[in-house]
Amino acid sequence: MRTYFVLVLLLITFTIVPGPALGQSDFPNKPITVIVPFGPGGAADLTSRLIGKVAEKYLGQSVVVVNKTGGAGTVGTAALAAAKPDGYTLGTLVTSPIMTVPHVIKVTYHPVKDLEAIIQHSILNFGVSVRSDSPFMTFKEIIEYARKNPGVVTYGTSGTNSAQHILMEQIAREQKVEWIQVPFKGGPEILSAMMGGHVSMAATDFSPSLYKAKKMRTLAMFLNERWSEHPDIPTLKELGYQVPVPYFVGVGAPKGVPEPIMKKLEDSFTKAYQDPEFSQGMKTMGLLPAFYRNRKDFSAFIAKSFEEMGRYIQELKK
Amino acid sequence: MDLFQNILFGFQVALQPINLLYCFIGVFIGTLIGVLPGIGPVGTMAILFPITFKIAPVTAIIMLAGIYYGAMYGGSTTSILVNIPGEAASVVTCLDGYQMARQGRAGPALGIAAFSSFIAGTLSLVGLMLLTIPLAEAALKFGPPEYFAVMSLGLTLVTYLARQSMIKALAMAVLGLMLSFIGLDLITGEPRFTYNIPELLDGIGVVPLVVGVFGISEVLVNVEIEIQRTTYKARISNLLPTLQDWKDSANPILRGSLLGFLIGILPGAGSILASFASYALEKRCSRTPEKFGSGMIEGVAGPESANNSAVSGGFIPLFTLGIPSNAIMALLLGAMLIHGLQPGPMLLSEHPALFWGVVASMYVGNFMLLALNLPLIGLWVQVLKVPYRILFPLILLFCLIGSYSLNNSTVDVLIMIIFGIVGYFMRKFGYEGAPMVMAFILGPMWESALRQSLLMSKGRFSIFLNRPISLVAFILTLALLLSPTLSFIREKKEVLKVLEKEE
């Protein structure tokens, strides 16, 4: 008799306790998963892990990073778009699977319609670099040289239709010069080829260690404003090249997450961004410049840049 | 003197109790995942990655590195015992290792695999200590034209992987090349043969392919012939290599260590290629190449040395330039960055504790691995006594977990199963998997290097002849291709002479 009583009591407790959990007021009540569409150890992965770790303080739950790689980042992004929109599955939004690849390859998601931005927390650190013994001291000198010697200057990128390739060709169009893209499999290979003198310049991730050791010279960064860590490197924009900067790393969710939950997520990740632990962590890694856009601005930026990149890619094909 | 002090300093770091503990954890986990087919170092290190946030950077790198080279030790175990590579880098170990086991020499095969891993690990660490900086500079001389030349040389080596029919082996190599075309075309950015499956954009993964063709198919084949296995079960003789085994293995170990180390330095190549190239080299150097594939200890000693020393070689571009040569090195780079350590030209002067500590820990780790693996041989040999009806479902399970854990992708699991079925029919009809895997690995690098070179030279093929390294590699390639023809002609001439005399 007593056992039954205990059982009934237990049953009642268990049915009552999860009650409010069904509502949104106590979100989150279980760990949150963040899908990173690239492998562990890279810039997108490390910054996502950092902001996730700091956001745990404000969410009151643990944030678990899951790497879902493949398809130039589209596999993980597709998984995010298809996830249940309950706020418990979030993902890292990065440039290529959102801005460029969907214009070239059929993907299962629409980068603007099927995904919802939460916040942007950093910008990718792309720039144009040459080997330290290269004759080119400024970006302008390369342009001048390329104008006089069409088709001689070569530059390495991480693939045709990568944002770097599109931007470099956009500059070439504007400046009426001709240079040759040599696509590689990724940043490390481009840097090796540039350091070995096999390509004239590298349009790829900035390498703090090679730069500090004066093994390479970065002539310009694809940024809107100078990076506080390296204030001596000019941006393409200030050099007078009117190319957009479609680079970002941020947090996003599948479309359809209830508004109160989105609000809570935006607040928590914004607080995490402002937390000194985040800025200190970014400084320690020295990988990417931190950069903030709130939900509204980030969404608008993605929509605008997506359309812009689509236009550039179409122009390039002509 | 300076070097000596640095080495001493390194051991001071490596022998701290906490580092010793994590080194042991690393090599222990490494051995384990090496033994388990399908589960490899990339997936495991990714799972353990968050731990590195919480421990000191040197300790973290020591542990992660331990997993990597530990896996190379363990990978040969299942290759030898059940003909299923525990690691992609142990595929060629199956060829002769498994045959040795069938002749009751599983013990010596496992023993020489452990010893050659140990010797190669130690030798390559000496290389790492003495030659890191000059070798890093030399590796940069390898641009796309040099890669194309060396990969061409590698492709001619595929012929040495043929055990039975040369035509069938070449057909499989072509199939491997064709499979490597799947994915995004690097140069035009267009998808090839992907049929709108996003997972195929990066191409078919090496691990699902290898696990399918070698693991699943072996299980399928053995389902049919369970009874025959009892024939060699009873004949397990001694557990350690004999003096003759040592004599046969000494040179292959030295050659394998050197070759593996050099291949390891080149970005993108890694342990798998090193082991294949070493096998081909041993067959080429051997006086009895026809016996390869029937249980030659050289075919185990060479590749097992090469895949281990390739691990050490891979650290060179990471430590000196901050350039990771493969996915595992990228992970290690990340682990260093979280702690504010920038691997690169200044690492040795700014953070000597990291470089020398990790290198010294690899010495220590190699000793641990030897001590761990030699006593285990007796245990592993017992595995052969486990009935297949228990062993094989377990192997299947690990293959499934392993191929999934790589990218958290069910498509990888499907690819593995499909290649398992393909591999089954390949076995039935006498087509070998090794030439296919080697061509599959070389294919993408070969193709992109060719097209990158031609972009650099505006379409002129002279770029391959104007550069000394690529010229030498092409001359070697030609020599390798022509030498069988020459010896064929010579034999015929001798036959003619004999015939003339008789007349």
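Residues numbered from 1 in each chain as written. Chains lettered and ligands numbered in written order. Predicted model: local features only at pLDDT ≥ 70, side-chain atom pairs only at ≥ 80, totals over all residues. Heavy atoms only, no water.

Turning next to the overall build of chain A. Looking only at helices and strands, chain A has 12 helices and 11 strands in total. Judged by the C-alpha coordinates and their principal axes, chain A covers about 95 × 40 × 30 Å. Counting only residues that meet the buried cut, chain A has 58% of its 318 residues in that class. Pairs at least 24 apart in sequence give 78% of the contacts found in chain A among residues at least 6 apart. Per element, the accessible surface of chain A, about 13,200 Å² overall, is 58% carbon and sulfur. (Helix = DSSP H or I, 4+ residues; strand = E, 2+ residues; numbered from the N terminus. Buried < 20%, exposed > 50% of the residue type's maximum accessible area, 1.4 Å probe, protein only. Contact = heavy atoms within 4.5 Å. Areas by Shrake-Rupley, 256 points an atom, 1.4 Å probe, with all protein chains shown as cover.)

Residues and elements named next belong to chain A. With domains assigned, chain A is organised as domain 1 (31–124 + 248–316) and domain 2 (126–221). The straight-line distance from the C-alpha centre of domain 1 to that of domain 2 is 28 Å. With 10 residues of domain 1 in contact, the opposing surface of domain 2 contributes 10 residues. Here domain 1 and domain 2 share an interface that buries about 980 Å² over both sides, 68% of which is from carbon and sulfur atoms. Considering only the surface of domain 1 that becomes buried against domain 2, L124, Y312 and L316 emerge as the three largest contributors, covering 46% of it. Counting across the interface, domain 1 meets domain 2 through zero salt bridges. The tally of links between domain 1 and domain 2 comes to two residue pairs in polar contact (both at pLDDT 80 or more). Of all elements in the fold, only α5 (95–104) and α12 (295–317) reach the threshold of two or more residues within the side of domain 1 that touches domain 2. Per element, the largest residue contribution to the side of domain 1 that touches domain 2 is five residues, and it comes from α12. (Domains from an automatic or database assignment. Buried area = accessible area lost by both parts, 1.4 Å probe. Salt bridge = Lys/Arg side-chain N within 4 Å of Asp/Glu carboxyl O. Polar contact = N/O pair within 3.5 Å; in protein donor to acceptor, adjacent residues only side chain to side chain.)

This part covers the interface of chain B and chain A. Taken together, the contact between chain B and chain A spans 47 residues of the former and 45 residues of the latter. Carbon and sulfur atoms make up 65% of the surface buried where chain B meets chain A, a total of about 3,700 Å² over both sides. Applying the counting rule to chain B against chain A returns one salt bridge. A salt bridge links E137(B) to K215(A); its shortest N-O distance comes to 3.6 Å. Residue contributions to the side of chain B that touches chain A peak at five residues, all from helix α14 (residues 327–338) of chain B.

Here the focus is unusual backbone geometry. In this structure, P28(A) follows F27(A) across a cis peptide bond, with omega equal to -5°. Mapped onto the secondary structure, P28(A) falls in the loop between α2 (18–21) and β1 (32–36). Non-glycine residue K214(A) carries a positive phi angle of around 60°. For K214(A), the location among the structural elements is in the loop between α9 (208–212) and β9 (216–221). Of note in this structure, Y195(B) is not a glycine but carries a positive phi near 50°. Locating Y195(B) in the fold gives a position in the loop between β2 (191–192) and α9 (206–224). Residue classification places Y195(B) among the exposed residues on the basis of a relative accessible area of 66%.

Take the packing of α9(B) against helix α17 (residues 388–407) of chain B next. Residue and element names in this part refer to chain B. Close contact between α9 and α17 brings their axes to 10 Å; oriented N to C, the two are set at 165°. Our classification of the angle between α9 and α17 gives roughly antiparallel. In this structure, α9 crosses over α17, and the sense of that crossing is left-handed. Contacts between α9 and α17 pair V207, P208, V211, I216, V219 and N222 from the former with Y388, F392, I395, L396, C399 and L406 from the latter. When grouped by side-chain class, the residues that make up the contact of α9 with α17 number 11 nonpolar, one polar and no charged. (Axes fitted to C-alpha atoms, helices over the stretch in contact; angles between N-to-C directions. Parallel < 35°, antiparallel > 145°, perpendicular 65-115°, else oblique. Left-handed = near helix turned anticlockwise from the far one by under 90°. Nonpolar A, V, L, I, M, F, W, Y, C, P; charged D, E, K, R; others polar.)

Right, let's talk about the packing of aromatic side chains for a bit. Two aromatic rings, taken as a pair, are described by how far apart their centres are and by the angle between their planes. Residues and elements named next belong to chain B. If you walk through the whole model with that rule in mind, you get 30 aromatic pairs over all chains. Seen from their ring centres, F315 and F319 are 5.5 Å apart, and the 25° between their planes marks the pair as stacked. With F315 and F319 both in helix α13 (residues 298–321) and four residues apart, the pair spans about one turn of that helix. The buried category is assigned to F315, whose relative accessible area is 0%. Relative to W356, the ring of F355 has its centre 4.9 Å away and its plane inclined at 90°; by these criteria the two rings are edge-to-face. (Phe/Tyr/Trp six-rings, centres within 6.5 Å; stacked < 30°, edge-to-face > 60°.)

Below, the discussion takes up the nonpolar core. In this structure, F139(A), W179(A), F269(A) and F276(B) are the most contacted members of the largest nonpolar core, which totals 219 residues. With 13 residues, helix α4 (residues 57–82) of chain B is the single largest residue contributor to this core. Mapping this core onto the domain boundaries places at least three of its residues in each of domain 1 (31–124 + 248–316) and domain 2 (126–221) of chain A. Those residues in contact with F139(A), other than ones at most four positions away along the chain, are V128(A), I171(A), W179(A), L219(A), A220(A), L236(A), L239(A) and Y241(A). Listed in part, the 29 residues of the second largest apolar core include L384(B), F392(B), I395(B) and C399(B). (Core = buried A, V, L, I, M, F, W, Y, C linked by side-chain atoms within 4.5 Å.)

Below, the discussion takes up the environment of Y241(A). Residue and element names in this part refer to chain A. Inspection of the secondary structure assignment puts Y241 in the loop between β9 and β10 (249–254). Along the backbone, Y241 and Q164 are 77 residues apart, and their C-alpha atoms lie at a distance of 14 Å. Once residues lying within four places of it in the same chain are set aside, the contact partners of Y241 are F139, K140, I143, I171, Q175 and L236.

Another point: the packing of α9(B) against helix α19 (residues 433–456) of chain B. Residue and element names in this part refer to chain B. One way to put it is that α9 packs onto α19 with a least axis distance of 11 Å and a crossing angle of 175°. In terms of axis orientation, α9 runs roughly antiparallel to α19. Across from V206, L209, V210, V213 and F214 in α9, the residues of α19 making contact are G433, A434, M436, V437, F440 and I441. Here the contact of α9 with α19 is composed, by residue class, of 10 nonpolar, one polar and no charged.

Spacing of three or four residues puts side chains on the same side of an α-helix, whose turn is 3.6 residues. The terminal C-alpha atoms of α13(B), which comprises 24 residues, lie 35 Å apart, in line with the 34 Å expected from a rise of 1.5 Å per residue. Across the 24 residues of α13(B), 24 count as buried, placing the element largely inside the fold. (Expected span 1.5 Å × (residues − 1).)

So, about helix α16 (residues 352–383) of chain B. Compared with the 46 Å implied by 1.5 Å per residue over 32 residues, the 44 Å span of α16(B) between its first and last C-alpha is a close match. Considering bend angle alone, the principal kink of α16(B) is centred on I377(B) and spans about 45°. (Bend = angle between axes of the 7 residues up to and from the residue.)

Residues and elements named next belong to chain A. A one-sided burial pattern is seen for strand β2 (residues 63–67), the buried positions being V63, V65 and N67 and the unburied ones V64 and V66. Where β1 lies against β2, five bridges are found, and the strand directions are parallel. The partner of I35 across the bridge, within β2, is V66. (Pairing = 2+ DSSP bridges.)

What follows covers the sheet that holds β2(A). All names here are of chain A. Here six strands make up an open sheet; going across it, the order is β2-β1-β3-β10-β4-β11 and the pairing mixed. Edge positions in the sheet fall to β2 and β11 (290–293), since each has one partner strand and no second. Strand-to-strand, the axes of this sheet are offset by a mean angle of 30°, without reference to chain direction. Its contacts with the sheet put helix α10 (residues 259–274) on β1, β3 (89–94), β4 (115–122), β10 and β11, and the angle it makes with β4 is roughly 10°.

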